[in-house]
Amino acid sequence: MKMMLRYTYIGLFFLVVSYSGFGQSEQSFIKFKIKNAGLYTNGYFAQYNFDLYYNKANPQQSKFNGTVRTSSINTGVTMRDNHLRSKEYFNVKDFPEIVFVSSYINVISSNELNVSGTLNVKGISKKVNFNVKVSNDINKDVLNATLVLNRLDFGIGKSSWTLSDVVSLDLRYTQENK
């Protein structure tokens, strides 16, 4: 019992101190957070490809597509990352990629868009939509979005009293102006 309690404390310590930015570029990123045992676990996907084009003059002609390598998940704790790569969670051997393809862009305001499309995770496709905030300067456009998903909708793990069903994804894409 003492040994199990000790491992629980060690695990909680690493859970709390594990997120420190992970060296990911602030230019573009895909980060996530999920509540686990009452605390937030943060992480990111290190390998992804944004096939994204923002058309400032005609935003409806923009495209917001992307692919994520599931094996690149990183929470800062190798044991947890390997568990997330397992069949129970992302099953990276059978489903190496998460894919999003936009189908419609709706202009909300001069600095906000609503993007609709299909998200495919573990072979399960769902229609999703999310808002994208656009900020511009002389040299670049920066697009930020937050997407809130139910992990169970995509077969990521099972129902749990310690792990939240809700995961929040933060995405940033920086496009150099030409």
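Each chain has its residues counted from 1, following the order in which its sequence is written. At least 70 in pLDDT is required for a residue's local features to be given in this predicted model, at least 80 for side-chain atom pairs to be given and counted, and no such filter applies to totals for whole chains, interfaces and linings, which use all residues. Side-chain measures were taken over the full set of non-hydrogen atoms in the model, leaving aside hydrogen atoms and water.

A. Up close: the environment of alanine 37. Turning to its location among the elements, alanine 37 is positioned in the loop between strand E1 (29-36) and strand E2 (39-45). Type-normalised accessible area, obtained with a 1.4 Å probe on protein chains alone, sets the label of each residue: buried when under 20%, exposed when over 50%, and partly exposed for intermediate values. Given a relative accessible area of 47%, alanine 37 falls into the partly exposed group. Once the C-alpha coordinates of alanine 37 and leucine 163 are considered, the two residues, 126 residues apart in sequence, prove to be 6.3 Å apart. Helix and strand definitions follow DSSP, with helices as H or I runs of at least four residues and strands as E runs of at least two, each counted in order from the N terminus.

B. View of the nonpolar core. Counting residues in each nonpolar core, the largest one holds 35 residues, and the members touching the most others are Phe45, Phe64, Phe90, Leu119, Val132 and Leu149. Secondary structure elements with two or more residues in this core: E1, strand E3 (48-53), strand E4 (63-69), strand E6 (97-109), strand E7 (112-121), strand E8 (124-136), strand E9 (140-150) and strand E10 (163-176). Grouping buried Ala, Val, Leu, Ile, Met, Phe, Trp, Tyr and Cys residues that are joined through side-chain atoms within 4.5 Å yields what is termed a nonpolar core.

C. Seen up close, the pairing of E1. Pairing between strands is defined by DSSP: at least two bridges between them are needed. As defined by bridge partners, E1 adjoins E10 across seven bridges and the pair is classed as antiparallel. Directly across from lysine 31, in E10, lies its bridge partner aspartate 170. By the bridge criterion, six bridges tie E1 to E2 in an arrangement that is antiparallel. Following the sheet pairing, phenylalanine 32 is matched in E2 by glycine 43. The turn joining E1 and E2, which pair antiparallel and follow one another in sequence, is formed by two residues; a positive phi near 55 degrees is taken by alanine 37.

D. Spotlight on the side chain of threonine 174. Tracing the backbone through its elements, the reader meets threonine 174 in strand E10. For the purposes of these results, a polar contact is taken to be a pair of N or O atoms within 3.5 Å, where, inside protein, one atom must be able to donate a hydrogen and its partner to accept one; residues adjacent in sequence count only when each atom of the pair is a side-chain atom. Among the polar contacts listed, one links the side chain of threonine 174 to the backbone oxygen of glutamine 27, at a separation of 2.3 Å. The criterion used for residue contact is that any of the two residues' heavy atoms lie within 4.5 Å. Sequence-distant contacts of threonine 174, defined by excluding residues within four places in its chain, comprise Gln27, Ser28, Lys140, Asp141 and Val142.

E. Structural context of the packing of aromatic side chains. When two rings of Phe, Tyr or Trp (its six-membered ring) have centres within 6.5 Å they constitute a pair, described as stacked for plane angles under 30 degrees, edge-to-face for angles over 60, and tilted for the intermediate range. Per the counting criterion, the structure on display carries five aromatic pairs. With a centroid separation of 5.9 Å and 85 degrees between ring planes, the pair formed by phenylalanine 45 and phenylalanine 90 is classed as edge-to-face. A residue pair is termed long-range when its members are at least 10 positions apart, and phenylalanine 45 in strand E2 and phenylalanine 90 in the loop between helix H2 (78-85) and E6 qualify at 45 residues. Look at phenylalanine 90 and you get buried, because its relative accessible area is 12%. Through a chain of ring-to-ring contacts, the aromatic side chains of Phe32, Phe45 and Phe90 assemble into a single cluster.

F. Highlighting unusual backbone geometry. Phi at alanine 37 takes a positive value of approximately 55 degrees, unusual for a residue other than glycine. Non-glycine residue asparagine 91 carries a positive phi angle of around 45 degrees. Its location among the elements puts asparagine 91 in the loop between H2 and E6. Overall, asparagine 91 belongs to the buried group, its relative accessible area being 9%.

G. Local environment of the environment of serine 103. Relative to the elements of secondary structure, serine 103 occurs in strand E6. With relative accessibility at 55%, the residue serine 103 sits in the exposed group. Separated by 12 residues in the primary sequence, serine 103 and valine 115 place their C-alpha atoms 7.8 Å from one another. If sequence neighbours within four positions are ignored, serine 103 has contacts with Ser116 and Gly117.

H. View of the environment of glycine 66. Along the chain, the position of glycine 66 falls in strand E4. With 18 residues separating them in the primary sequence, glycine 66 and tyrosine 48 have C-alpha atoms 7.2 Å apart.

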